[in-house]
Amino acid sequence: MCGIIGYAGPLSAKKIILDGLAQLEYRGYDSAGLACFDDNQTIQIKKSVGKVTSLQSLCANRLEDSHCGIGHTRWATHGGVTVENAHPHQAGNVTLIHNGIIENYHQLTQEFHLEDKLVSQTDSEVAAWVLNSLYEGDPFTAIQKFLPMLQGSYGFCILFSDRPGEIYGVRNVSPLVAAYTPSGSMIASDLTALIPYTRSYFVLPEYTIAKLTAYQICLYNHDGKQITPEYSKVNWDSDAAMKNGFPHFMLKEIHEQPEALKKTILPRLVKGIPDFSDDGIPDTLFSECDKIQIVACGTAMYAGMVAKAIMEPLLRIPVTVSIASEFRYEQPLMNEKTLTLVISQSGETIDTLAAMRLSASMGSKTLAIVNVKGSTIARESDYVLYTHAGPEIAVASTKAYSVQLSILYLIACRMAYVRKAFSLEDAANFIQMLMDAIPSMETMLHQTKTIQELASHLISHSDVFFIGRNLDYAFSLEGSLKLKEISYIHAEAYPAGELKHGTIALIENGIPVIAIATQDSVFAKTISNVREVKARGAYVILITREHAHVDAELADIHIKIPEISDHFTVFPIAVVLQLIAYYTTCLKGLNVDQPRNLAKSVTVE
Ligand code: AGP
């Protein structure tokens, strides 16, 4: 999603903005630009397609004396990747940058007769012209008239030509954080851009207007009354957001998983079983519900699929997993006895946020599982369980998946105990098995050689299948997403037992099939399915537990994970599947951390 940064202060605005945009590159983008007041107090705009380095070159030896400006990295929603469509957009006295989607921009174009004025294809430029038409010298009055006209989501940073040294910020759904720091006033789309300058920040409340100047930030609510920002402390440091010697953020974050799980699990164990008292979560939330609804997107949703396979046999209540962007339009069956689990690493995914709001409107209690403290989903949910993975910078989610699962396993265990499906001893044993999964992840982190050999076989193929049954199928969903989203190889996860109902027609000589067979209850059946694909020429990569008995000729590559309880194999398997995607992508020479077309947090619908 788009990256936003604004600065007003005694230092070089150009430098701070360009450094900040570089910090925000991980969000995914295709063009970048900035607007600064120059030493004549005139707004200068520089924009380029491609990477921030192109913008840096464009700005070389220019704007050296600027102390106020805004910068933007664009993830295209309306209009192609061109300089004209890059932000900032200037319309008369108004220069702005925007993250989000203005859904009624066509109507506004007609209403304000903008057809002949527009030089871009973007909704953001339309917004700039509308604001300019409302501006008569007072930014607040203009912005207050402007906001009710907009339908959709926005995070704006705005300059007015006759207000040098001032930045105005306002948001609805799209995130904006700000801080008055020793270096000056700053505003950004996420903390990563602020961390080098401060450890305190506040989230801009929706519809409030922030005015940033060199020496202060003032916040005004919709009726113009000044309000005090609520500052929070950053819960990770800039080192944590750096690569620490790894070649890519993704590999660093894969290796951080054992530590991330310990940081997420251990603070929530009392006498060896889960206890959410410190998170302010009452047991009644778990004892009084008769259904669980999980809403999430992408990897987070696949974590939900694993949770369903674990929870339903244990709790004997329905656990429904919905893709958030579908859930919103499904007219879901739920009420006040439904517990909604909202899973999101960023806490800003707009579809997941909207799904949570729909659940709440239907009377359901919402419990969010989020990694970014203070994010919108975390703030709006009834309850929140933070994962403690630290910043996840790579677009491909890895440690966030594992820590989300660890929280879901803790919830399953606590619910089983509270609902008398587990004795105290059962719960303690469950947690012991969860903790035993952590060293098994360490073991798989060192299986590099086998996995690199496997990756060398995948890179020459355009299609790869992942198959499994029951929990193994749930794991395979995440494995296929990981591989396709960074290596651009078309990967498909399929229930092993369903292959012969059509898809097996695609299996031909040499096609790679990654088969996961770790579940005792369906092991034999899965191995039969593996034989079926092998008989049709597949190149079989088989993942089992250490002591599984398999004919030597069945698998071309056999990866063995340590002997742990089969309901906990997702943790070492996640490491294997992540490393497969990682090394395949490296061998293809692609951008591991910032794959094409993708963004770290999808804040548009
Ligand atoms: C995962 O590798 C992807 N980057 C993507 O599917 C991601 O999991 C999804 O967009 C949800 O993001 P969230 O967890 O921040 O809500």
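Reference entry: report on the structure contained in this document. (Residues numbered from 1 in each chain as written. Predicted model: local features only at pLDDT ≥ 70, side-chain atom pairs only at ≥ 80, totals over all residues. Heavy atoms only, no water.)

### A look at the sheet that holds strand β2 (residues 31-37)
Okay, step 1: Reading across from one edge, β3-β2-β4-β1-β10-β9-β11-β15 is the order of the eight strands in this open sheet, with antiparallel pairing throughout. Only two strands of the sheet have a single partner each, and these edge strands are β3 (43-49) and β15 (231-233). Here the strands of the sheet are splayed against their neighbours by 20 degrees on average, with no regard to which way each runs.
Okay, step 2: Sitting on the sheet, helix α1 (residues 13-23) touches β1 (3-8), β2, β4 (68-74) and β10 (184-188), and the angle it makes with β4 is about 20 degrees. (Pairing = 2+ DSSP bridges. Helix = DSSP H or I, 4+ residues; strand = E, 2+ residues; numbered from the N terminus. Axes fitted to C-alpha atoms, helices over the stretch in contact; angles between N-to-C directions. Contact = heavy atoms within 4.5 Å.)

### Some words on the nonpolar core
Okay, step 1: By size, the foremost hydrophobic cluster in this structure holds 102 residues, and its most contacted members are V306, M311, L367 and I411.
Okay, step 2: Ignoring any residue separated from it by four or fewer positions in sequence, one finds I411 in contact with F276, F286, M311, L341, L367, I369 and L385.
Okay, step 3: Listed in part, the 31 residues of the second largest apolar core include Y105, V130, Y135 and I209. (Core = buried A, V, L, I, M, F, W, Y, C linked by side-chain atoms within 4.5 Å. Buried < 20%, exposed > 50% of the residue type's maximum accessible area, 1.4 Å probe, protein only.)

### A word on the packing of aromatic side chains
Okay, step 1: Enumeration over the complete set of coordinates arrives at 14 aromatic pairs.
Okay, step 2: With centroids separated by 5.0 Å and ring planes inclined at 65 degrees, the aromatic side chains of F430 and F568 adopt a geometry described as edge-to-face. Here the residue F430 occupies a position in helix α14 (residues 424-445), and F568 occupies one in the loop between β27 (557-561) and α18 (570-587), the gap between them amounting to 138 residues. Here F430 and F568 have matching classes, each one buried.
Okay, step 3: Three or more aromatic residues joined by ring pairs form one cluster here, namely Y135, F140, F160, Y168 and Y220.
Okay, step 4: It is R596 that lies over the ring of Y488; its NZ or CZ is 3.7 Å from the centre. (Phe/Tyr/Trp six-rings, centres within 6.5 Å; stacked < 30°, edge-to-face > 60°. Lys NZ or Arg CZ within 6 Å of the ring centre and 35° of its normal.)

### Regarding the environment of A142
Okay, step 1: Looking at where A142 falls in the secondary structure, it is placed in helix α5 (residues 139-146).
Okay, step 2: A142 sits in the buried class, given a relative accessible area of 0%.
Okay, step 3: Along the sequence, A142 and T299 sit 157 residues apart, while their C-alpha atoms lie 41 Å from each other.
Okay, step 4: What A142 contacts, discounting residues up to four positions off in sequence, is L131, L134 and Y135.

### So, the sheet that holds strand β23 (residues 463-468)
Okay, step 1: On the basis of which strands lie adjacent, the open sheet formed by five strands has the order β24-β23-β25-β26-β27 and parallel pairing. Each edge of the open sheet carries a strand with a single partner, namely β24 (490-495) and β27. Pairwise comparison of adjacent strand axes, ignoring direction, gives a mean angle of 20 degrees for this sheet.
Okay, step 2: Relative to β24, β23 is paired through six bridges, and the arrangement is parallel. Each residue of the ladder has a partner; that of V464, found in β24, is A491.
Okay, step 3: Lying on the sheet, helix α16 (residues 471-487) is in contact with β23, β24 and β25 (512-517); it crosses β24 at an angle near 175 degrees.

### Description of the site of the ligand
Okay, step 1: As a structural note, the neighbourhood of the ligand is formed by 14 residues, with S344, S346, T349, V395 and E485 the closest of them.
Okay, step 2: Take S346: an N or O atom from its side chain is 2.7 Å from an oxygen atom of the ligand.
Okay, step 3: S397 is positioned such that a nitrogen or oxygen atom in its backbone is 2.8 Å from an oxygen atom of the ligand.
Okay, step 4: In the complex, 91% of the free accessible area of the ligand, which totals 410 Å², lies under the protein chains.
Okay, step 5: Broken down by class, the residue content of the shell around the ligand amounts to five nonpolar, seven polar and two charged. (Near = heavy atom within 4 Å. Polar contact = N/O pair within 3.5 Å; in protein donor to acceptor, adjacent residues only side chain to side chain. Areas by Shrake-Rupley, 256 points an atom, 1.4 Å probe, with all protein chains shown as cover. Nonpolar A, V, L, I, M, F, W, Y, C, P; charged D, E, K, R; others polar.)

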